[in-house]
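Residues per chain are reported as follows:
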2 protein chains.
Amino acid sequence: MPVNLNVPSAESLHPVAGVDMGYAMAQIRKPNRKDVLVVSLSEGASVAGVFTKNRFCAAPVQVCQAHLQAGKGIRALVVNTGCANAGTGERGLADARATTAKVAELLGLSPEQVLVFSTGVILENLPMDRLLLGIDQAVAGLGKANWLDAATAIMTTDTLPKATSRKVKVGQGDITLSGVSKGAGMIRPNMATMLGFLCTDARIAPPVLDRWTKACADASFNRITIDGDTSTNDSFVIMATGQSAAVNIQTGDEPEASVVFQALREASIELAQAIVRDGEGATKFITIEVEEAGNEDEALKVAYAIGHSPLVKTAFFASDPNLGRILAAVGYAGIDDLDQTKIQLYLGDVYVAKNGGRHPDYREEQGQAVMNQSEITVRVLLGRGKARTTVWTTDFSHEYVSINADYRS
Amino acid sequence: MPVNLNVPSAESLHPVAGVDMGYAMAQIRKPNRKDVLVVSLSEGASVAGVFTKNRFCAAPVQVCQAHLQAGKGIRALVVNTGCANAGTGERGLADARATTAKVAELLGLSPEQVLVFSTGVILENLPMDRLLLGIDQAVAGLGKANWLDAATAIMTTDTLPKATSRKVKVGQGDITLSGVSKGAGMIRPNMATMLGFLCTDARIAPPVLDRWTKACADASFNRITIDGDTSTNDSFVIMATGQSAAVNIQTGDEPEASVVFQALREASIELAQAIVRDGEGATKFITIEVEEAGNEDEALKVAYAIGHSPLVKTAFFASDPNLGRILAAVGYAGIDDLDQTKIQLYLGDVYVAKNGGRHPDYREEQGQAVMNQSEITVRVLLGRGKARTTVWTTDFSHEYVSINADYRS
């Protein structure tokens, strides 16, 4: 069961002017499920993406990067689930290119104007015949976006669709932001088996959108972890159609720019957190705050050491205030000159460890009370400086093992 | 159930001249189990140790390092299970020192001649009254070492005692090596919640033994991982009593030195592998071989990325040849200029991925046949150079979650 993950109603997810969508059940891996999504964008849309840093990045990721670089103006996206088209060599690249060519042909675009995304099992080839038929269907059905359908069409082991939407007053009127994400395992900094797509009708010049997309990813999808595995296929794309007359962001220095950026950032965080809330086997939503670090890199090392520790995660699953495991993770995070006598540990509001040792007033009942909650904050102060970061993660349950032991069967 | 872990019979574990041992049931954490071990060494013994690199290293580790540095000649070791005396601040240090003082007093030594080891729960103080009574008992019972009792007395979540013993012909006669290890979780490079003690009656000068102990640890305890957690308390100590007249190693360049070193190295590997075979919830023993790396650090990064991946480990548990997860781990191991088209992957003898893509001849039945075995070798060729390494690990099972969710209850 996901942790406090609300599925928005279809009505609460606003269409975004300039964005059409279509779907298909192409039987990429399983029958009777939406597994192909085509997104069509109005002319002049700005599109920016960030992608996995995995060196084994999948064919579609390589094609996306090349097409964004080509600079012909992205006008369509095509997404399939069920097969990641990763570890597929030259044939995988040819398949990804053929996929973009098919969409381009149907929409009257050049292939370089199409981005392609795949998620699912690695080391298997795409069933191109079924995928191309699915694209025909999806394009034939293109219409005003139904974001809940879009969220459903990109799911793999997700138990619930993930979407967010908001209207923001800015400048002369309103802008709309709507987005979807998917992912439940193989989630880790520098993206994950996650896909995130966020659209707005605001006008945002490409260089600004590039910068903002990286900043939004760093504040959201690059701050979540479920199992420490970085996927081959992670992609996060922000699209700005410019159909709203409310704002025109050309430099990012406009007075209304910060409102638009904050709205994008908050939507990104909501989409990223939704992935953690639906993390494979998750029973707890854990926020890890690391403060007083010498720099952000240190803070991240410590946060991820805690967030990746199977021992810490199983203790959360058991609601066991076995908090020494957190200190052990801090100790092996890779800060060579860490002074354990300067470290403070809080669980929720409870002061657990003072100057590296058990706080004399700490009683296990206090830790137990926090551990029993479904949303828990761990706060570590390193006593080294002023840098800080926040990372979101889950616990580690029997269900996680079951899901990943049975994923393909 | 441990994976192919044989418990040696008490008779097959040879006493080592110059080593006496005593035990106690001190009820450190649980009743009716041996939980205190005292080892007494003959005068003139050489002792060398390597310890956890965790910056939250426990009080006993800090005391051991200081006492080895003092150079007064180590003559005794005291080990307790049930409480790690880690995250215990100044009081923990005082307790560890009081423990060595107690042993020293009973044996007529100075405290600096005593090493102290603790393993168990972190963030709790030692029950000093019970521990000191236990030391009285253990010292009163000192006698010729029963290595199986020693192996049992240092267990925590271990399901079986781990010991090894051998006699080696060298120089003018025989030398004897016997040792024990413990550890089943929180196991990771740079030691683990693991303790390893290896004794020989060979004479080995302290500087040589220092060097050899580091080399043995690097070939054994620093090449195993169960869950990626590095403990606060890991320690590996080699003791050479010099009671055998067979060899006298003063420089390490003696003709018989390599035989002695190889015997120590093999015993260390056996003790380390025993920990993996008894890894928490282990159902498989996995050997990860990384070859053609640019340097050893690269090889280790890749081996540990594979060995720590929960997705890879759950696939092993399920005997699921979902081998793309291995390629994904190679890709995120942190080699920035990795070229995926140069990577070969073998599972056992089966050639799975060629030049980064699925090998055209690979059939899933072949991968399945290897996956069904209890001992599996993964071999990755990086195509970057000549460095290589080997790491041993386990799969990730429901049982792992159960053990670590219930450890303290």
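As the structure is a computational prediction, the values presented were derived from the model and not from experiment. (Residues numbered from 1 in each chain as written. Chains lettered and ligands numbered in written order. Predicted model: local features only at pLDDT ≥ 70, side-chain atom pairs only at ≥ 80, totals over all residues.)

**Side note on the domain arrangement of chain A**
Residue and element names in this part refer to chain A. Annotation of chain A at the domain level lists domain 1 (10-277) and domain 2 (285-406). Inter-centroid distance (C-alpha atoms) of domain 1 to domain 2 is 33 Å. Taken together, the contacts link eleven residues of domain 1 with eleven residues of domain 2. Contributing elements (two or more residues each) for the side of domain 1 that touches domain 2: strand S11 (224-225) and helix H6 (257-277). With three residues, the top contributor of residues to the side of domain 1 that touches domain 2 is H6. Taken together, the residues of the side of domain 1 that touches domain 2 break down into four nonpolar, five polar and two charged. (Domains from an automatic or database assignment. Contact = placed C-beta atoms within 7 Å. Helix = DSSP H or I, 4+ residues; strand = E, 2+ residues; numbered from the N terminus. Nonpolar A, V, L, I, M, F, W, Y, C, P; charged D, E, K, R; others polar.)

**Concerning the relation of the copies chain A and chain B**
With an axial shift of 0.0 Å and an RMSD of 0.0 Å, the rotation relating chain A to chain B amounts to 180 degrees. Expressed as a symmetry operation, the mapping of one chain copy onto the other fits a two-fold axis. The C-alpha atom lying nearest the rotation axis in chain A is that of His 398 of chain A; the distance is 2.8 Å. In this assembly, 100% of the residues forming the interface of chain A have copies in chain B that are likewise at the interface, indicating an isologous arrangement. (Least-squares fit on C-alpha atoms with pLDDT ≥ 70 in both.)

**Quick notes on the interface of chain A and chain B**
At the junction of the two partners, chain A supplies 56 residues and chain B supplies 56 residues. Within the residue set of the side of chain A that touches chain B, elements represented by two or more residues are helix H2 (89-107), helix H8 (310-317), helix H9 (324-331), strand S17 (357-358) and helix H11 (398-406) of chain A. Broken down by element, the side of chain A that touches chain B gets its largest block of residues, seven residues, from H9 of chain A. Across the side of chain A that touches chain B, the residue classes break down as 24 nonpolar, 23 polar and nine charged.

**Observations regarding the packing of helix H2 (residues 89-107) of chain B against helix H3 (residues 128-140) of chain B**
All names here are of chain B. At a minimum axis distance of 10 Å, the contact between H2 and H3 shows a crossing angle of 25 degrees. By the angle between their axes, H2 is roughly parallel relative to H3. Viewed along their axes, H2 and H3 form a crossing whose handedness is right-handed. In this structure, H2 uses Asp 95, Ala 98, Thr 99, Lys 102, Val 103, Leu 106 and Leu 107 to contact H3, whose residues at the interface are Met 128, Leu 131, Leu 132, Ile 135 and Val 139. Residue composition of the contact of H2 with H3, by class: nine nonpolar, one polar and two charged. (Axes fitted to C-alpha atoms, helices over the stretch in contact; angles between N-to-C directions. Parallel < 35°, antiparallel > 145°, perpendicular 65-115°, else oblique. Left-handed = near helix turned anticlockwise from the far one by under 90°.)

**A word on the packing of helix H8 (residues 310-317) of chain B against helix H9 (residues 324-331) of chain B**
Residues and elements named next belong to chain B. Two elements in contact, H8 and H9, have axes whose closest approach is 9 Å; the angle formed by their N-to-C orientations is 160 degrees. Accordingly, the angle class assigned to the pair H8 and H9 is roughly antiparallel. In this structure, H8 crosses over H9, and the sense of that crossing is left-handed. Contact residues: Leu 311, Val 312 and Ala 315 in H8; Arg 325, Ile 326 and Ala 329 in H9. Across the contact of H8 with H9, the residue classes break down as five nonpolar, no polar and one charged.

**Details of the sheet that holds strand S3 (residues 46-51) of chain A**
All names here are of chain A. Taken together, five strands build an open sheet; the order of strands is S3-S12-S9-S8-S7 and the sheet is mixed. Each edge of the sheet is formed by a strand with only one pairing partner; in this case those strands are S3 and strand S7 (162-170). Neighbour to neighbour, the strand axes of the sheet diverge by 10 degrees on average, direction disregarded. Direction of pairing for S3 relative to strand S12 (residues 235-240): antiparallel, over a ladder of six bridges. Residue pairing for S12: Ser 46 is matched across the bridge by Ala 240. Against the sheet, helix H5 (residues 206-219) contacts S3 and S12, and its axis sits at roughly 35 degrees relative to S3. The strands that H6 touches are S7, strand S8 (173-182), strand S9 (195-200) and S12; relative to S7, the one it contacts most, it runs at about 165 degrees. (Pairing = 2+ DSSP bridges.)

**Considering unusual backbone geometry**
For Gln 27 of chain A, which is not a glycine, the phi torsion comes out positive at approximately 60 degrees. Within the secondary structure, Gln 27 of chain A sits in the loop between strand S1 (19-24) and strand S2 (36-41).

**Let's talk about the environment of Ser 46 of chain B**
Residue and element names in this part refer to chain B. Mapped onto the elements of the fold, Ser 46 is located in strand S3 (residues 46-51). A tally of 24 C-beta atoms within 10 Å means that Ser 46 is categorised as buried. In this view, Ser 46 contacts Ile 204, Ala 205, Pro 206, Leu 209 and Ala 240; residues no more than four positions away in its chain are not counted. (Buried ≥ 20, exposed ≤ 12 C-beta atoms within 10 Å, placed from the backbone.)

**A look at the sheet that holds strand S12 (residues 235-240) of chain B**
In a beta sheet, neighbouring strands pair by backbone hydrogen bonds and run either parallel or antiparallel. All names here are of chain B. If you trace the five strands from one edge of the open sheet to the other, you get S3-S12-S9-S8-S7, paired in mixed fashion. Whereas interior strands pair on both sides, the edge strands pair on one side only; in this sheet they are S3 and strand S7 (162-170). On average, each strand axis in the sheet is tilted by 10 degrees relative to the strand beside it, whichever way the strands run. Bridge count for strand S9 (residues 195-200) against S12 is six bridges, and the pairing is parallel. Each bridged residue has a counterpart across the sheet, and for Cys 199 the counterpart in S12 is Met 239. Sitting on the sheet, helix H1 (residues 59-70) touches S3 and S12, and the angle it makes with S3 is about 140 degrees. Packing against the sheet, helix H6 (residues 257-277) makes contact with S7, strand S8 (173-182), S9 and S12, and its axis sits at approximately 165 degrees to S7.

**Describing the pairing of S9 of chain B**
The side chains of a regular strand alternate between both faces of the sheet. All names here are of chain B. Most of S9 is tucked away, with six of its six residues classed as buried. The alternating pattern of S9 places Leu 195, Phe 197 and Cys 199 and Gly 196, Leu 198 and Thr 200 on opposite faces, both of which are buried. With six bridges joining them, S8 and S9 adopt antiparallel strand pairing. Pairing of Ser 178 across the sheet is with Cys 199, part of S9.

**Quick notes on H8 of chain B**
Counting buried positions over the eight residues of H8 of chain B gives eight, a clear majority of the element. Just downstream of H8 of chain B, Ser 319 of chain B is the residue with a positive phi angle, here 50 degrees.

**Side note on the confidence of the model for chain A**
Residues and elements named next belong to chain A. Across chain A, the average pLDDT comes to 90, with 95% of residues at 70 or higher. Contacts of residues 187-192 to residues separated by more than four positions or lying in other chains number 33 contacts, the stretch itself having pLDDT below 50. The ipTM value of the predicted complex is 0.71, and its pTM value is 0.80. (pLDDT = per-residue confidence, 0-100.)

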